[in-house]
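Fold and contact review
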Amino acid sequence: MNRTRQVAGGGRAVEVPPERLDGWFARFADRHDGIARTCLGTDEIVVLAGNGTAATAAVPFPPLDVPEIPDVAGLAIEALVVHATAPRRIGLLLVRLGGHSVGVAQGGRVVVSRTARHLVHGRSAAGGWSQQRFARRREGQARHAVRAAAADAAEVLAARLPELDAVVLGGDRAALDEVRRDRRLAGIFALARSRVLDIPEPRRTVLDEAARRATAVEIVVRGA
């Protein structure tokens, strides 16, 4: 089943696996009075249906090689499908303070991985010195978690950087920003996509799911 979420300003975003794109757009046309026109760019494709509904697909791993006649719906969708289904070797970096998971995926399957969990206490409601000691302990735990995530990312991903076509991030943006400070990971974050996958606490099953989602095309659908 395709993952769906509501988006700001109305409409919904759906993650469509590359191999299902043809069928998804065919059903979109059937439900919305056909396709009236398309607008194709290097980083997104907009398909406008006959009833005014718009489907905007973000090109995964841009840029897209735009056809000579980009306003022909069939050519536009075909170009997106060919681009999305191209084989890629993708680095995965999932980080939350409670754990991290890093890996390399190909064809939607994880081929190399490392996962670890960390003890980081939640915030204390106590006051005074007790609260301050608790805060210092928590900060120390958080620093340890970030250092551990950076070390594994360096060992698993940085060492394989020449093999990677892209890096997909997931988890907590603040934690990822802390990991980003590690100079060993500059090349990894240079390859990272702007999108950050929303994930639960990282573990191996979450990494496997992220590997499948990493190649999915996110399409935002808005009515007329």
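Residues numbered from 1 in each chain as written. Predicted model: local features only at pLDDT ≥ 70, side-chain atom pairs only at ≥ 80, totals over all residues. Heavy atoms only, no water.

Regarding the overall build of the chain
When helices and strands are tallied, the chain shows six helices and 11 strands. Burial statistics for the chain: of 224 residues in total, 42% are counted as buried. Considering only contacts in the chain between residues 6 or more positions apart, those separated by 24 or more positions represent 60%. Total accessible area computed for the chain in this model is approximately 11800 Å², and 50% of it derives from carbon and sulfur atoms. (Helix = DSSP H or I, 4+ residues; strand = E, 2+ residues; numbered from the N terminus. Buried < 20%, exposed > 50% of the residue type's maximum accessible area, 1.4 Å probe, protein only. Contact = heavy atoms within 4.5 Å. Areas by Shrake-Rupley, 256 points an atom, 1.4 Å probe, with all protein chains shown as cover.)

Here we look at the sheet that holds strand 2 (residues 12-16)
A sheet is described by the order of its strands in space; here six strands give the open sequence 1-2-11-5-4-3, paired in antiparallel fashion. For this open sheet the edge positions go to strand 1 (3-6) and strand 3 (35-40), each flanked by a neighbour on one side alone. Strand-to-strand twist across the sheet, computed as the mean angle between neighbouring axes with direction ignored, equals 20°. Pairing of strand 1 with strand 2 involves four bridges; the strand directions are antiparallel. Each bridged residue has a counterpart across the sheet, and for Arg 3 the counterpart in strand 2 is Glu 15. (Pairing = 2+ DSSP bridges. Axes fitted to C-alpha atoms, helices over the stretch in contact; angles between N-to-C directions.)

Overview of the pattern of salt bridges
Close approach of charged atoms lets side chains of opposite charge pair. All chains considered together, the criterion is met by 14 salt bridges. Residues Arg 3 and Asp 198 are paired through a salt bridge, measuring 3.7 Å at the closest nitrogen-oxygen approach. Taken as a pair, Arg 3 in strand 1 and Asp 198 in the loop between strand 10 (192-197) and helix 6 (204-214) lie far apart in primary sequence, 195 residues in all. In this structure Arg 3 comes out as partly exposed when scored by relative accessible area, which is 35%. A relative accessible area of 45% means that Asp 198 is categorised as partly exposed. The salt bridge partner of Arg 213 is Glu 15, with a shortest N-O separation of 2.8 Å. Linking Arg 213 in helix 6 with Glu 15 in strand 2, this pair joins segments that are 198 residues apart in sequence. According to the relative accessible area criterion, Arg 213 is buried, its value standing at 6%. Taken together, the salt bridges that share partners define one network made up of Arg 3, Glu 15, Arg 195, Asp 198 and Arg 213. (Salt bridge = Lys/Arg side-chain N within 4 Å of Asp/Glu carboxyl O.)

Observations regarding the pairing of strand 7 (residues 99-106)
Burial runs high along strand 7: seven of the eight residues are buried. Hairpin connection between strand 6 (residues 89-96) and strand 7: a loop of two residues separates the two successive antiparallel strands. In this sheet, strand 8 (residues 109-117) lies alongside strand 7 in antiparallel orientation, the contact comprising eight bridges. Residue His 100 lies in a different strand from strand 8, and its bridge partner there is Ala 116. Between the antiparallel neighbours strand 7 and strand 8 lie two residues, among them Gly 107 with a positive phi of about 65°.

Brief notes about the side chain of Glu 218
Along the chain, Glu 218 turns up in strand 11 (residues 217-222). Side chain to side chain, Glu 218 and Arg 5 meet in a polar contact 3.0 Å long. Once you skip the residues sitting within four places of it in the chain, Glu 218 turns out to touch Arg 5, Ala 13, Val 14, Glu 15, Thr 56, Ala 57, Ala 58 and Arg 195. (Polar contact = N/O pair within 3.5 Å; in protein donor to acceptor, adjacent residues only side chain to side chain.)

Quick word on the sheet that holds strand 8
An order of 8-7-6-9-10 is seen for the five strands of this open sheet, with the pairing classed as mixed. The open sheet has two free edges, formed respectively by strand 8 and strand 10, since each of these has just one partner strand. Put simply, the sheet's adjacent strands are angled 15° from each other on average, direction ignored. Here eight bridges tie strand 6 to strand 7, and the two strands are oriented antiparallel to one another. Bridging across to strand 7, Leu 92 finds its partner in Gly 103.

Structural measurements only, silent on function.
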